[in-house]
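Descriptive structure summary
What follows is each chain in one-letter form.
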Amino acid sequence: MPFFDIVVVGSGGGVDETNLSGYLLKPCDASWDDGIIALEAGSGHGALGHILKRNPTLFGPVTADDDPSKRITPFTVYSKVQCFLITHAHLDHISSLVVSAGTMGGGRKFIYGSPQTLKDLETVFSGRTWPRLAGYDEDDPVYRLIYRALHADGKYKSVSQNVSVRSMTVSHGESDSDGVYESLCFFVKHIPSRHEFIFFGDVEPDSVSVKPRNVDVWRAAAPKIPHDLSTIFIECSYPAGRPTETLYGHLSPDHLAQEMLNLATEVVLARNSSRKRRGRVRKRQKRDMASPEVLYGALAGLRIYLMHCKETFSSDRPINHVIRDQCRDLLKPHNLGVEVLTADQGMKIVCQSLAVALPQFLIS
């Protein structure tokens, strides 16, 4: 059953400024005209314009009517955006939001982010770097964008009709001023069905982080996989072999594979705990968590979309496809059952629950 439609306006992490993090989202049971949620805002109108030239029916059929008001353009699409969910305020995640702030059509739009992210945006919309077009006061007509804080308090906050979001803090390398630079991870829920997906901002591996937080995300997700949570968007910025000291708060395939093993472990532990509560654990079913076989099939029914891959222009193949294949090769021997895909610019992704038969020892 499908739950969300997502259009990839941009999915890169630099240095290609025409393909930066930007996604448009709606529930599958709604129309794009009913309202759109933007996840990140690195690429925007310009990138979407090129995408619509290649695929003019991306948001619906093209009418034969010559009335320009009925044409689907980047301006008509972004006029329907109700809010932006921003994981952190690095430029590759906010640049189109800033540049288009004064020209976006439609009503006022809300910016959801952590209190620190909103403070960082305040320094941009300060009247010097960019005009003061964003603020907290909804009664001030000058503000085209309204800040709304998301707190990592374990609660879901409604951000649009039938859509709510829970934010969790993740670590994104070191900050000169505050020790660890914080990014967000969103659990985006379709309220009627209770199905959700995870969307990571930039994130570093727990194995090298001063403040490992990914395990908290995996523990929150584990009981829901795969029936209530079957899709994860996660960065993998660099190809395999990059030295740890030059990751700069990002993942590479080696670390992505380890994070998937960590998630699989949490899934198995959650299912074992659920069986214990139901009184269905038998001695012969107890398994040594150190044994690789205990994780076989643990992530069956889960899809991960790799994003934020940093283009190098040194290969005929897109860098995200190179990184995807490296991740697949590293994960294959572990037989976790996870499907590794790429979020390619211009794609329409449908988040849906997948019919899956779990290994018997995971459900007995």
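A short tour of the structure in this document, coming up. (Residues numbered from 1 in each chain as written. Predicted model: local features only at pLDDT ≥ 70, side-chain atom pairs only at ≥ 80, totals over all residues. Heavy atoms only, no water.)

What follows concerns the pairing of strand β11 (residues 195–200). Burial analysis of β11 places six of its six residues in the buried class, which makes it a mostly covered element. Residue alternation in β11 divides its side chains into two sets, His195, Phe197 and Phe199 and Glu196, Ile198 and Phe200, and both sets are buried. Note that strand β10 (residues 179–190) and β11 share six bridges and pair antiparallel. Residue Phe186 lies in a different strand from β11, and its bridge partner there is Phe199. Between the antiparallel neighbours β10 and β11 lie four residues, among them Arg194 with a positive phi of about 70°. (Buried < 20%, exposed > 50% of the residue type's maximum accessible area, 1.4 Å probe, protein only. Helix = DSSP H or I, 4+ residues; strand = E, 2+ residues; numbered from the N terminus. Pairing = 2+ DSSP bridges.)

Turning our eyes to something else, we now look at the side chain of Ser167. Relative to the elements of secondary structure, Ser167 occurs in strand β9 (residues 163–175). Take Ser167: its relative accessible area is 3%, and that puts it in the buried class. Within the local environment of Ser167, its side chain forms a polar contact with the backbone oxygen of His151, the two atoms lying 3.5 Å apart. Those residues in contact with Ser167 that sit more than four places away from it in its chain are Leu150, His151, Ala152, Leu184, Cys185 and Phe186. (Polar contact = N/O pair within 3.5 Å; in protein donor to acceptor, adjacent residues only side chain to side chain. Contact = heavy atoms within 4.5 Å.)

If you walk across this open sheet you meet the seven strands as β8-β9-β10-β11-β12-β13-β14, and the pairing is mixed. Both edges of this open sheet fall to β8 (157–160) and β14 (339–342), since each of them pairs with a single strand only. Strand-to-strand twist in this sheet, taken as the mean axis angle between neighbours without regard to direction, amounts to 30°. Strands β13 (303–307) and β14 of the sheet are contacted by helix α7 (residues 319–331), whose axis makes an angle of about 170° with β14. (Axes fitted to C-alpha atoms, helices over the stretch in contact; angles between N-to-C directions.)

As a further point, take helix α5 (residues 214–221). Every buried residue of α5 is listed here: Asn214, Val217, Trp218, Ala220 and Ala221. End-on view of α5: buried residues confined to an arc of 160°, all on one side of the axis. (Arc of directions from axis to C-beta.)

As summarised here, the arrangement of the eight strands in space is β6-β7-β5-β4-β3-β2-β1-β15, forming an open sheet in which the pairing is mixed. Two strands in the sheet have a free side with no partner beyond their single neighbour: β6 (134–135) and β15 (348–352). Where strand β2 (residues 20–27) lies against strand β3 (residues 36–39), three bridges are found, and the strand directions are antiparallel. Directly across from Leu24, in β3, lies its bridge partner Ala38. Sheet strands touched by helix α3 (residues 91–99): β1 (2–13), β2, β4 (81–85), β5 (109–113) and β7 (145–149). Its angle to β2, the strand with the most contacts, is close to 70°. Taken strand by strand, helix α4 (residues 115–124) contacts β5 and β7, and its axis lies near 150° from that of β7.

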